[in-house]
Amino acid sequence: MGSQRNGFKKESFILSVDVGTTSIRCHVYDKEAKIRGSCITKVVPLYPEVGHVEMDPDALWRGFITVVKGAVQDAGIQMRQIEALGISTQRGTFTTWDRTTGVPFHNFISWQDQRAADLVKSWNRSCTMKALQGVMKVVYFLTRQKRSLAASLIVFSTQHVTFRLVWALTHYEQVYENNCCFGTIDTWLLFKLTKGGSGSCEWPLPMSTICFESSIVIYNLSSGLHFIQSMFGECCFDVGDVKITMGTGTFMDINTGNKPHTSVAGLYPLVGWKIGSEVVYLAEGNAADTGTAIKWAQELELFSDVQETTAMAYSVSDSDGVCFVPSFSGLQAPLNDPKACASFMGLKPSTTKSHLVRAILESVAFRNKQLYDTMLRETHIPITKIRVDGGVSSNDFIMQLTADLFGRKVARPQHHEMSCLGAAFVAGLGIGFWRTRDELKKLQSTDEVFLPRGIPREGAYSPSGEYIPVLQSWERALRRSMHWYNKP
């Protein structure tokens, strides 16, 4: 596909933006899904109070414009050569704004935010919830349907937008105004890009020419094409395909096909994508503090460059009995405790920086193991492949330990930003830049495959005895960190 300009054909491209928790990045992709230009800028999280995590909407918008223009300039092309824009954003981060002026009433309240923890706790302990759970237990006893069992165990968490929105309604008077709009980051960006017209437009949306001096088609996760971007970027199109994205947090997804998964341990069903009449569901578990823990360690000067951490972890034979619990934002599935604290345990006079770094990296792999075991136990779906992406996946120590603990090979793509690629793939499919998913699979590339080092058993591997006591100690530390912030 190309653009006809002044009598000759120019090469055309797909633009893709990923708005993450700590950065906004933009890539320009060609027909072979190669990155031709890139730009990245940081997102600065705001911590106005303990447990509050926010982002400045105006700063985020300026960052979005900056990376789009920067990537196009880096590619050495013109904006009119862009055929479509795919947008990937974090879920669960929202704000409210004035529909007429477009002025936000408050900062974005992040998916990591814990301000609604007490409200969530009161609802989970309410008579209404206890009655609902009791009724569903009776229904499960009579029907033995897993859906009824899941309903009898349902609990709310701070990651549910509803409770943080209730908090905003009680603390920001402007939200009660008639022209108030509510939306997550993708909605806010579409409002800005279309000058407030996104609510009445058909998909795909034409982008405002004021922003980029050219009309571009927008495809977004809120459109008629619903998708989990990195899952699509990893070409996990088949039932049993597993994708793990390790960025600020870890998100582990399994393709469950045309049926949503009913969970009793905190996994949640998602629409992976909807293209035409086909709907594909995923089951997802997450750990909120993966990259967060590593960045925190860097700010404490345990190391100066993240690239050093693999060598530091391998420079010692073990963590010297030190365990790290990565729960700055509480613990998610399968423990589901928003009041858990982050902690180091087992410190000794002999503990060095390398021991601390190794303990932090081990904790990331241990949380992966928890989520993976929960997924296997709950879904009963045979795993077909495991692909890992995100910035933290560049750490070979974490990747190898994850493969060892899973007892399965895990693959890492050449480019770690699969959310960007996934958004580009969906946008490209939408306009015919790429025509089929089989075509996308042929474009897939693998950087490295990590094979498990363990004891082969019935075609799979069981972790060697080396890490069993370490994992058990870490689980004990995990339990001691739980309920730390509960009021006495």
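From a predicted model like this one, the values you see are computed outputs, not experimental measurements. (Residues numbered from 1 in each chain as written. Predicted model: local features only at pLDDT ≥ 70, side-chain atom pairs only at ≥ 80, totals over all residues. Heavy atoms only, no water.)

Draft legend 1. Seen up close, the pairing of strand β5 (residues 35-42). Pairing geometry for strand β4 (residues 23-29) and β5, over seven bridges, is antiparallel. Paired with H27 across the two strands is S38, which belongs to β5. Between β4 and β5, which pair antiparallel and follow one another directly, the connecting turn spans five residues, one of which, A33, has a positive phi of 65 degrees. (Pairing = 2+ DSSP bridges. Helix = DSSP H or I, 4+ residues; strand = E, 2+ residues; numbered from the N terminus.)

Draft legend 2. Focus on the nonpolar core. Ranked by internal contacts, the top residues of the largest apolar core, which has 53 residues, are I244, M246, M252, I386 and V410. Considering each element in turn, this core owes the most residues, 11 residues, to helix α11 (residues 353-379). Apart from the residues within four sequence positions on either side, M252 is in contact with V242, K243, I244, A283, E284, G285, N368, L371, Y372, M375 and F406. If you look at the next biggest cluster of nonpolar residues, it comprises 35 residues, including F64, A75, I185 and L193. (Core = buried A, V, L, I, M, F, W, Y, C linked by side-chain atoms within 4.5 Å. Buried < 20%, exposed > 50% of the residue type's maximum accessible area, 1.4 Å probe, protein only. Contact = heavy atoms within 4.5 Å.)

Draft legend 3. Structural context of the pattern of salt bridges. Overall, the coordinates contain 16 salt bridges when judged by the stated rule. Where E54 meets R115, a salt bridge forms, and the shortest distance between an N and an O atom there is 2.9 Å. One end of the pair, E54, is in strand β6 (residues 54-55); the other, R115, is in the loop between β9 (108-109) and α2 (117-124), and 61 residues separate them in sequence. The two residues E54 and R115 agree in class, both being buried. One salt bridge connects E278 with R437, and the closest N-O pair in it is separated by 2.8 Å. Here the residue E278 occupies a position in strand β17 (residues 278-287), and R437 occupies one in helix α14 (residues 437-442), the gap between them amounting to 159 residues. For E278, a relative accessible area of 29% corresponds to the partly exposed category. (Salt bridge = Lys/Arg side-chain N within 4 Å of Asp/Glu carboxyl O.)

Draft legend 4. Summary view of the state of the cysteines. According to the stated counting rule, one finds zero disulfides in the structure shown. Here C180 is not cross-linked by a disulfide; its sulfur's nearest cysteine counterpart is in C181, at 6.7 Å. This cysteine, C236, is not joined by any disulfide, and C235 carries the nearest cysteine sulfur, 7.7 Å off. With a relative accessible area of 0%, C236 lands in the buried category. (Disulfide = S-S within 2.5 Å.)

Draft legend 5. Region of interest: the environment of G37. Here G37 lies in strand β5. For the pair G37 and C26, spaced 11 residues apart in sequence, the C-alpha to C-alpha distance is 8.2 Å.

Draft legend 6. Representation of the pairing of strand β14 (residues 241-246) in the model. Buried residues dominate β14, accounting for six of its six residues. As judged from the five bridges shared by β14 and strand β20 (residues 385-389), these two strands associate in the parallel manner. Residue pairing in the sheet places D241 in a bridge with K385 of β20. Examined bridge by bridge, β14 and strand β15 (residues 250-257) share five bridges and lie antiparallel to one another. What sits directly across from M246, in β15, is T250. What sits between the antiparallel neighbours β14 and β15 is a turn of three residues.

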